[in-house]
Amino acid sequence: MTIGVEGETVAGAEVVLVVTDEAGAPVEAVVVEVNDVIVGSTDVDGKLTLTLPTGEEKAEIDVKLGEAEGELEIEL
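If you're wondering where the values come from, they're calculated on a predicted model, not measured in any experiment.

### What about the pattern of salt bridges?
Part 1: Evaluated as defined, the whole model comprises three salt bridges.
Part 2: Among the salt bridges present, the one from Glu 60 reaches Lys 58, with a minimum N-O distance of 3.5 Å.
Part 3: The class of Glu 60 is partly exposed, set by a relative accessible area of 31%.
Part 4: With relative accessibility at 32%, the residue Lys 58 sits in the partly exposed group.

### Here's the deal with the pairing of strand β4 (residues 37-41)
Part 1: Where strand β3 (residues 31-34) lies against β4, four bridges are found, and the strand directions are antiparallel. Pairing of Glu 33 across the sheet is with Ile 38, part of β4.
Part 2: Between the antiparallel neighbours β3 and β4 lie two residues, among them Asn 35 with a positive phi of about 50°.

### Comments concerning the sheet that holds strand β1 (residues 2-6)
Part 1: The strand order across the open sheet formed by three strands is β1-β2-β5, and the pairing between neighbours is antiparallel. In this open sheet, the two edge strands, each paired with only one partner strand, are β1 and β5 (47-51). When the angles between neighbouring strand axes are averaged without regard to direction, this sheet yields 30°.

Rules and cut-offs
- Residues numbered from 1 in each chain as written.
- Predicted model: local features only at pLDDT ≥ 70, side-chain atom pairs only at ≥ 80, totals over all residues.
- Heavy atoms only, no water.
- Salt bridge = Lys/Arg side-chain N within 4 Å of Asp/Glu carboxyl O.
- Buried < 20%, exposed > 50% of the residue type's maximum accessible area, 1.4 Å probe, protein only.
- Pairing = 2+ DSSP bridges.
- Helix = DSSP H or I, 4+ residues; strand = E, 2+ residues; numbered from the N terminus.
- Axes fitted to C-alpha atoms, helices over the stretch in contact; angles between N-to-C directions.

Such coordinate-based values are descriptive only and should not be taken to indicate function.
Set out below in structure tokens:
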């Protein structure tokens, strides 16, 4: 799975993650973790709005649905 980010990627900013499959189609019900904490799951459009952590140098974003996984690291 691929993770896209809409919005400014700075500490404390609200961003929208967009999770897609290999064909570019949105993936629903993907569990999203930021720095090893589950923050929610994607909607029918493959999106989840979240706030990037503060007091951290980076945000490690992991997504998982069954055997499918993806990860993204954002420098804050």
